[in-house]
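Breakdown of the fold
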Amino acid sequence: MADFIGALDQGTTSTRFMIFDQAGDEVARHQLEHRQILPRAGWVEHDPLEIVENCQICIAGALSEAQLQLRELAAIGLTNQRETTVLWNPRTGEPWSNAIVWQDTRTDSIIHELEKSGAGALVRARTGLPPATYFAGGKLRWLLDNIEGLRAAARRGEVAFGTIDTWVLWNLTGGIDGGVHVTDVTNASRTMLMDLRKLRWDPELLSLFDVPPEVLPEIAPSAHVFGHLRWPGEPETGTVIAGILGDQQAATVGQVCLRVGQAKNTYGTGNFMLLNVGREAVPSKAGLLTTVCYQFEGAAPVYALEGSVAVTGSAVQWLRDQLGMIRSAPEIEALANSVEDSGGVYFVPAFSGLFAPYWRSDARGVVVGLSRHSNRGHLARATLEAICYQSRDVLEAMKADSGLDLETIKVDGGATANDTLMQLQADILGVNVVRPKVIETTSLGASYAAGLATGFWNGTGDLEAHWSADRSWHPTWAEDRRQEGYRNWKRAVERTFGWIELGS
């Protein structure tokens, strides 16, 4: 049996291929960024063909670094930015347009009309999701409505829909020459089109969004043999793609949060906190998402409550790219430590509205509490605190929905290398924060799904044996300081509401 397994992580800003051994340790990686296309305010796009090319380059690059052949991988797992939407012609392989990224807000009028019609209740009950620009169903509807002739092309079999996992899978299993048009339950649960409990496309929701069913992929479990890796025009390699998980569900599996009550928080472009709630979907009354956490082949699905925050790491990128305050993202730690605290400054980076638990697409970013005393260091520290306060908003909602009072939360993602951020997170949440030795848990979770589907690992006990802590942070703030800071944060959030007039 092969001694290694691969994971392709197609994220919002880059694509990475990693190779792991049977102990779950990293052997090699290769990573490439792709362009962020911003044609107008609120619009965010990616080039689907650039993404596929980068996937191929990253696979080849990691194999070269490890001095391995593709046949030496037992399987490949795939994880992806979830709600980003692609439509393509399965006969030519050409996309009908750029991909619409999950951060994009162009569908706000569609969502507004949906709520105005009273259909929002149906969407919430059937999918576990609030109607929001975040999810793929509105993006699919927008493309069908705005690309001339697309609905007629769909009737001719010339339109295929997918989130990024489906687009990449189709291309990596042959493309126009027999590519597999499939998604997994975690990605399907992010469309507003799947019945959360029946795990199938819902005819009533398809009618509501005016989506022709023939464009949709098949839905399969997360740990499942999807197909053989094959470049177009070439023979099958013998290596199977055997796991697909949306990126945050993959991180949850990579953190081995496989028991009820275990939670993780991932720090990336946005922040995503997931709490394992078990075999029964738990409807949220506090502004969270109810989503599929994972489903292994032959087993019932496991559900999660999720709090999705749109802008956290990308707020640091904004300081770097738009304001020029720092030259690289890691520099923010030293700048934030140049002051003792934020000096009363609060930054709410609602660039794409606010996600959980507010779901306000009319919100936009604000900085409040400025004085002549304020400087670059205060804004840098307020940016780090904004990441942490948004996570607290989510944690408070999770407590309300689940009745659980968490003492520890596992963290992962690139920003966890920032020790100041992690200490602030412990202080603002009032819980212990634990970072694992392998922080690239998204890739690790995808490899775990593929390994379970192919027998590379014997069961979840093997995965639990791999997890180990690297470092922990414990709260140091007094409770009155923690509560005063959070009260002021909530006041700042209120200032963001109503900036965009929806439906006007």
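Worth saying up front: this structure is predicted, and the values here are computed from it rather than measured.

A closer look at the sheet that holds strand S3 (residues 26-33)
An order of S3-S2-S1-S5-S14-S13 is seen for the 6 strands of this open sheet, with the pairing classed as mixed. Both edges of this open sheet fall to S3 and strand S13 (223-228), since each of them pairs with a single strand only. The average angle at which neighbouring strand axes cross in this sheet is 25°, direction not considered. Pairing geometry for strand S1 (residues 4-10) and strand S2 (residues 14-21), over 7 bridges, is antiparallel. Residue pairing across strands places Asp9 opposite Arg16, the latter belonging to S2. On the sheet, helix H6 (residues 164-172) packs against S1, strand S5 (73-80), S13 and strand S14 (240-246) and is oriented at approximately 145° with respect to S5.

Focus: the sheet that holds strand S17 (residues 289-294)
The strand order across the open sheet built from 7 strands is S17-S18-S16-S15-S21-S22-S23, with neighbouring strands paired in mixed fashion. Only two strands of the sheet have a single partner each, and these edge strands are S17 and strand S23 (469-473). Here the average twist between neighbouring strands, direction ignored, is 30°. Sheet topology places strand S21 (residues 408-412) next to strand S22 (residues 432-436); 3 bridges connect them, and they run parallel. Looking at S22, one finds that Ile409 is bridged to Val433.

Quick word on the nonpolar core
In this structure, Tyr134 and Leu216 are the most contacted members of the largest nonpolar core, which totals 104 residues. With 12 residues, the single largest contributor to this core is helix H12 (residues 376-402). When near neighbours in sequence (up to four residues on either side) are disregarded, Tyr134 contacts Arg82, Glu83, Trp102, Lys139, Arg190, Phe272, Leu289, Glu306, Ser308, Phe355 and Trp359. Counting 34 residues, the second-largest nonpolar core is a separate cluster that includes Ala66, Ala160, Leu169 and Leu229.

Topic: unusual backbone geometry
Cis geometry is adopted by the peptide bond preceding Pro357, which originates at Ala356 and carries an omega value of -5°. Take Pro357: it is sitting in the loop between strand S19 (346-348) and strand S20 (366-368). Look at Asp210: it is not a glycine, yet its phi comes out positive at around 55°. The topology assignment puts Asp210 in the loop between helix H8 (203-209) and strand S12 (218-220).

Structural notes on the state of the cysteines
Per the counting criterion, the structure on display carries 0 disulfides. Free cysteine Cys58: the closest other cysteine sulfur is in Cys55, separated by 7.0 Å. Distance from the sulfur of Cys293, which forms no disulfide, to the nearest cysteine sulfur (Cys257) is 7.9 Å.

Thoughts on the pattern of salt bridges
The full count for this structure, using the stated rule, is 34 salt bridges. In this structure, the salt-bridge partner of Arg259 is Glu464, at a minimum N-O distance of 3.0 Å. One end of the pair, Arg259, is in the loop between helix H9 (247-254) and strand S15 (263-267); the other, Glu464, is in helix H15 (residues 460-466), and 205 residues separate them in sequence. Taken together, the shared-partner salt bridges connect Asp9, Arg16, Glu26, Arg29 and Glu440 into one network.

Quick notes on the packing of H12 against helix H13 (residues 419-429)
Where H12 meets H13, the axes come as close as 9 Å, and the angle between the chain directions of the two elements is 40°. As the angle between them shows, H12 and H13 are arranged oblique. Read as a crossing pair, H12 and H13 show a hand that is right-handed. Of H13, the residues touching H12 (which contributes Arg381, Leu384, Glu385, Ile387, Cys388, Tyr389, Ser391, Arg392 and Leu395) are Thr420, Leu421, Leu424, Gln425, Ile428 and Leu429. Class assignment of the residues belonging to the contact of H12 with H13 gives a composition of 9 nonpolar, 3 polar and 3 charged.

A word on the packing of aromatic side chains
All chains considered together, the criterion is met by 22 aromatic pairs. Plain terms: the ring middles of Trp318 and Phe351 are 5.2 Å apart, the flat faces sit at 50° to each other, and that makes the pair tilted. Remark: Phe351 occurs in the loop between S19 and S20 and Trp318 occurs in helix H10 (residues 313-321); sequence separation between them is 33 residues. Exposure remark for Phe351: the relative accessible area of 30% places this residue in the partly exposed category. Here the aromatic rings of Tyr389 and Tyr486 are separated by 6.4 Å at their centres, their planes lie at 20°, and the arrangement is stacked. Residue Tyr389 is found in helix H12, and its partner Tyr486 is found in helix H16 (residues 479-494); the two are separated by 97 residues along the sequence. By the burial criterion, Tyr389 is buried, and Tyr486 matches it. Put simply, the rings of Trp102, Tyr134, Phe135, Phe272, Phe355 and Trp359 touch in pairs and so form one group of aromatic residues. The cationic tip of Arg106 hangs over the ring face of Trp43; the distance from NZ or CZ to the ring centre is 3.7 Å. Positioned above the aromatic ring of Trp142, the side-chain terminus of Arg106 is 4.7 Å from the ring centre.

What counts, and where the lines are drawn
- Residues numbered from 1 in each chain as written.
- Predicted model: local features only at pLDDT ≥ 70, side-chain atom pairs only at ≥ 80, totals over all residues.
- Heavy atoms only, no water.
- Pairing = 2+ DSSP bridges.
- Helix = DSSP H or I, 4+ residues; strand = E, 2+ residues; numbered from the N terminus.
- Axes fitted to C-alpha atoms, helices over the stretch in contact; angles between N-to-C directions.
- Contact = heavy atoms within 4.5 Å.
- Core = buried A, V, L, I, M, F, W, Y, C linked by side-chain atoms within 4.5 Å.
- Buried < 20%, exposed > 50% of the residue type's maximum accessible area, 1.4 Å probe, protein only.
- Disulfide = S-S within 2.5 Å.
- Salt bridge = Lys/Arg side-chain N within 4 Å of Asp/Glu carboxyl O.
- Parallel < 35°, antiparallel > 145°, perpendicular 65-115°, else oblique.
- Left-handed = near helix turned anticlockwise from the far one by under 90°.
- Nonpolar A, V, L, I, M, F, W, Y, C, P; charged D, E, K, R; others polar.
- Phe/Tyr/Trp six-rings, centres within 6.5 Å; stacked < 30°, edge-to-face > 60°.
- Lys NZ or Arg CZ within 6 Å of the ring centre and 35° of its normal.

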